[in-house]
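Structure assessment
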2 protein chains.
Amino acid sequence: MTRRGLLIILSSPSGAGKSTLARRLRDWDADILFSVSATTRAARPGETDGQDYHFVDEAGFKRMVHERRMLEHAHVFGHFYGSPLRPVEEAIAKGCDVLFDIDWQGAQQIQKSTLSSNVLSIFLLPPSIAELRHRLETRGQDSAEVIDKRMNRSWDEISHWDGYDYVLVNDDLDATEEKLKTIVTAERLRATQQPGLVEHVRHLQSEFEAQ
Amino acid sequence: MTRRGLLIILSSPSGAGKSTLARRLRDWDADILFSVSATTRAARPGETDGQDYHFVDEAGFKRMVHERRMLEHAHVFGHFYGSPLRPVEEAIAKGCDVLFDIDWQGAQQIQKSTLSSNVLSIFLLPPSIAELRHRLETRGQDSAEVIDKRMNRSWDEISHWDGYDYVLVNDDLDATEEKLKTIVTAERLRATQQPGLVEHVRHLQSEFEAQ
């Protein structure tokens, strides 16, 4: 009997280490798959369709939402983003966990979805706002204007920290990685995550009755 | 700000390794205290009052129950057993976890108590009934008659395995010890177990507003 995988939601403000830690979790365990978001924004140089995002047009996106084929979706900075439902259902049915790199709006929608009983939500806090800004500036990916926009959005994201199961202050990447692994390992030891236990107990019962 | 400790309930049939594992958890972290049960049964050779049990008479026990000074209590093999409430309240208030080596009846009572939001419950299953009997026989502590009685009670205990948060099949003491530590470590990373986070987020907010 296969366990039904977890929906691992990882949220944080931009620059708090979310993408790095998500990648490390996936590298640690090949049974953790990424949920690839669909988006209406244009691909950036270096981004691959189907791997970084599913790049779709607005009509296609809205059709997926209308047909309830999005687990969650949001409108951010003029573009739509969403998590297609089917790949998630297929992954957890075969015992894989699915990792979501999404914001608090998406997290809330998944926590209210039909898959809510399998959700494990984790929020990453930065050690300081100065450090957050420093990380955004030194990764050199965004213009000063975009960084300012991201910083304004950071507080909105941070203010929703207490809607998550687990919260980690990411002041050390390696230590935070260990904590994430510990949380995932523990969650897999929950009775509900071990369908094989039913059979084991049935076996103990036969043995007990045969004594 | 001190975190409010966890009530860690460890249940299993007799001989599944519960006492050994409880001791190992306490040795691992001095902030995990044992809940010392009160009982009306006589002390056995080598048992120390106040350490192994609080040995009390039946009138005293019943008075404690009547005055709601027992977190849980049960009647087993003609004797009363219970967990005094006050030491638990004092321990968790100062940020210590309290470990309960109790059966499913006690676990259910604590899970319904006013302290239920701090409960972490773990059930240990034996790899087999044969192994369970073997362990009881080789520890040489009980007569054949008592072992038979314990074995009959084992099934009653095992049949309540699914009322627990976490379930571990103890087929290897060291591996099970690691799993227990992983569970406790993860549970302490829950948002509700880290009262310092509120202050951290308040600090981030001031920093953000001062930008």
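Here, every reference points to the structure presented above.
Here's what I pulled together on the structure shown here. The model shown is predicted, which means the values in this text are computed figures rather than measured ones.

Time to look at the relation of the copies chain B and chain A. One copy of the chain maps onto the other through a rotation about an axis plus a displacement along that axis. For the pair chain B and chain A, the superposition axis carries a translation of 0.0 Å, the fit reaches an RMSD of 0.0 Å, and the rotation angle comes to 180°. On the angle and the small slide along the axis, the relation comes out as a two-fold axis. With an isologous cut-off of 70% or more, the 100% of interface residues of chain B that recur at the interface of chain A puts this contact in the isologous class.

Below, the discussion takes up unusual backbone geometry. Phi at R68(A) is positive, roughly 55°, even though this residue is not glycine. Positioned with a positive phi, F77(B) is a non-glycine residue whose angle comes to about 50°. Considering the arrangement of structural elements, one finds F77(B) in the loop between strand 5 (70–76) and strand 6 (79–84). Judged by local crowding, F77(B) falls into the exposed class, with 10 C-beta atoms found within 10 Å.

Residues and elements named next belong to chain A. The sheet built from five strands is open, its strands ordered 2-7-1-8-9 with parallel pairing. On the outer flanks of this sheet lie strand 2 (32–34) and strand 9 (166–169), each paired with one strand and no other. Put simply, the sheet's adjacent strands are angled 25° from each other on average, direction ignored. Sheet topology note: the strand 2/strand 7 (residues 97–101) ladder contains three bridges and is parallel. In the sheet register, L33 faces strand 7, and the bridge partner there is V98.

Residues and elements named next belong to chain A. One way to put it is that helix 5 (residues 129–138) packs onto helix 6 (residues 144–158) with a least axis distance of 11 Å and a crossing angle of 150°. For helix 5 against helix 6, the interelement crossing comes out right-handed. Between helix 5, through L132, R133, L136 and E137, and helix 6, the contact on the second element is made entirely by I147, R150, M151 and S154.

Turning to the pairing of strand 5 of chain B, a few remarks are in order. For strand 5 of chain B and strand 6 of chain B, the ladder comprises six bridges, and the chain directions are antiparallel. Considered in strand 6 of chain B, the bridge of M70(B) is made with P84(B).

As a further point, take the interface of chain B and chain A. The interface of chain B with chain A comprises 30 residues on the first partner and 30 residues on the second. Elements represented by at least two residues in the side of chain B that touches chain A include exactly helix 5 (129–138), helix 6 (144–158), strand 9 (166–169), helix 7 (173–187) and helix 8 (196–210) of chain B. Looking at the side of chain B that touches chain A, the element that brings in the most residues is helix 8 of chain B, giving six residues. When its residues are assigned to classes, the side of chain B that touches chain A shows 19 nonpolar, six polar and five charged.

Scoring rules and cut-offs
Residues numbered from 1 in each chain as written. Chains lettered and ligands numbered in written order. Predicted model: local features only at pLDDT ≥ 70, side-chain atom pairs only at ≥ 80, totals over all residues. Least-squares fit on C-alpha atoms with pLDDT ≥ 70 in both. Contact = placed C-beta atoms within 7 Å. Helix = DSSP H or I, 4+ residues; strand = E, 2+ residues; numbered from the N terminus. Buried ≥ 20, exposed ≤ 12 C-beta atoms within 10 Å, placed from the backbone. Pairing = 2+ DSSP bridges. Axes fitted to C-alpha atoms, helices over the stretch in contact; angles between N-to-C directions. Left-handed = near helix turned anticlockwise from the far one by under 90°. Nonpolar A, V, L, I, M, F, W, Y, C, P; charged D, E, K, R; others polar.

Interpretation note: all reported values are geometric properties and have no functional meaning in isolation.
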